[in-house]
Amino acid sequence: MIDKFERIKLGHFPTPIEYLKNITEHLNGPQIYIKRDDCTGLATGGNKTRKLEFLMPDAIKNQADLVVTVGAVQSNHTRQTAAACAILGLKCLIVLEQRLTDAPSTYMTSGNVFLDKLFGAEVILCPSEKDVKEYATEIMAERKNQGANPYYIPVGGSNHIGELGYVECMREIIEYDKDNSLTHIVLATGSGGTHSGSVAGKTYYKNDVKIVGISVKDKKNDQEEKVFKLAKTACDYINCDQPKREDVFVFDNYVGGGYGVPTEGMKEAVKLMATKEAILLDPVYSGKGFDGLMDLVSKKYFKDTDKLLFIHTGGAVSLSAYEWAF
Ligand SMILES: *Cc1c(COP(=O)(O)O)cnc(C)c1O
């Protein structure tokens, strides 16, 4: 059982699963449900809260006094990490990477960046010529010299420990789906831990729901290999059978111009979910993820008798930083 792994409560779990009645009628295909991981509760919520519930105990076990992590400028992961550190009385240092080059100044200062600072984190922008992970490593070495004991959380909190959060999410889903009627889970996949933890959870609990990842950055094969590798490390860590390669499945045709670059499909998905269900998707992840879901429904990828669960991974905080895109 994953109960044996240390966990600190940071959010409200289990998150609700709701039926998207209006969207289902509008799309006129399979039934569509939503897992409200945008409502995990920590600092406006999101998927990283689940990962941090397992990562933060590891930082404490390592006697860290400084948590260091990295992300894109409008990273939801860094915002939730800053919030977790505030609760636990740890210092937080965030190194942000500028992946959008022609974004207006609100993108650089509002939304998640503003909240990172509000939660008391130190925020450093990575110079464009440097690799963000290498730069963070340099800064950590400096801080160590000055007497700090830093703990590094990789981008998106995606490692064998963070993935436990989505093994746990799968437990919640399977418990909810008592009659085993869910056919597909659809989610946005970025640094990969949400997707890989779900695949590891499916493997661990021997469930046969299909998991469909919608890439927000990388090409299909790269993303699938990254997720598969992560799923293997999670399965080793929780000591279960190895995941199957064919259980890792990604569509990469909803990325558009690149990570964080708005697409027409994303905007449509965000607007439709807002006007039909009053649920806020985000421009970088869940908006593109739901665009993928809608497009696949319209292309009859799913049967009308299928039952889909979209995992809403959060991120609506960055909508204000993307007002210009709408
Ligand atoms: C980080 C994030 C994702 C992607 O999760 P990964 O585990 O990094 O693949 C999806 N949605 C939102 C809102 C996120 O912040």
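Described below are features of the structure shown in this document. Position labels on residues start from 1 in each chain and follow its written sequence. Residues qualify for local features only when their pLDDT is at least 70, as the model is predicted, and side-chain atom pairs are given and counted only at 80 or more; totals for whole chains, interfaces and linings, by contrast, use all residues. Side-chain measures here rest on the full set of heavy atoms in the structure, leaving out hydrogens and waters.

## Quick notes on the packing of aromatic side chains
Geometrically, a pair of aromatic rings is defined through the distance of the ring centres and the angle of the planes.
Moving on, step 1. The rule is short: rings of Phe, Tyr and Trp, with Trp giving its six-membered ring, pair when the centres are within 6.5 Å, and they are stacked under 30 degrees, edge-to-face over 60, tilted in between. In the structure shown here, the tally under the stated rule is ten aromatic pairs.
Moving on, step 2. Relative to tyrosine 33, the ring of tyrosine 19 has its centre 4.9 Å away and its plane inclined at 40 degrees; by these criteria the two rings are tilted. One end of the pair, tyrosine 19, is in strand β1 (residues 17–19); the other, tyrosine 33, is in strand β2 (residues 31–35), and 14 residues separate them in sequence.
Moving on, step 3. With relative accessibility at 35%, the residue tyrosine 19 sits in the partly exposed group. Only DSSP runs of H or I covering at least 4 residues are called helices, and only runs of E covering at least 2 are called strands; the numbering of each starts at the N terminus. Buried, partly exposed and exposed residues are distinguished by accessible area as a fraction of the type maximum, computed with a 1.4 Å probe on protein chains only: under 20%, between the cut-offs, and over 50%, respectively.

## Thoughts on the nonpolar core
Moving on, step 1. Of all hydrophobic cores here, the largest spans 44 residues; its most connected members are Ile2, Leu52, Met56, Val67, Tyr151, Ile153 and Ile238.
Moving on, step 2. At the level of secondary structure, the elements contributing two or more residues to this core comprise α2 (48–61), β3 (66–72), α3 (76–88), β4 (91–97), β6 (150–153), α7 (164–176), α8 (193–204) and α9 (220–238).
Moving on, step 3. In terms of residue count, α2 provides more of this core than any other element does, five residues in total.
Moving on, step 4. Two residues qualify as a contact provided that any one of their heavy atoms is within 4.5 Å of a heavy atom in the partner residue. Those residues in contact with methionine 56 that sit more than four places away from it in its chain are Ile8, Leu10, Val67, Ala84, Cys85, Leu88, Leu90 and Ile153. Take the buried residues of types Ala, Val, Leu, Ile, Met, Phe, Trp, Tyr and Cys, join any two whose side-chain atoms come within 4.5 Å, and each joined set is a nonpolar core.

## Details of the environment of tyrosine 19
Moving on, step 1. Spatially, the C-alpha atom of tyrosine 19 lies 9.2 Å from that of lysine 35, the residues being 16 residues apart in sequence.
Moving on, step 2. Leave out the neighbours within four places in its chain, and tyrosine 19 touches Thr24, Gln31, Ile32 and Tyr33.

Function-wise, these values are silent; they only describe arrangement.
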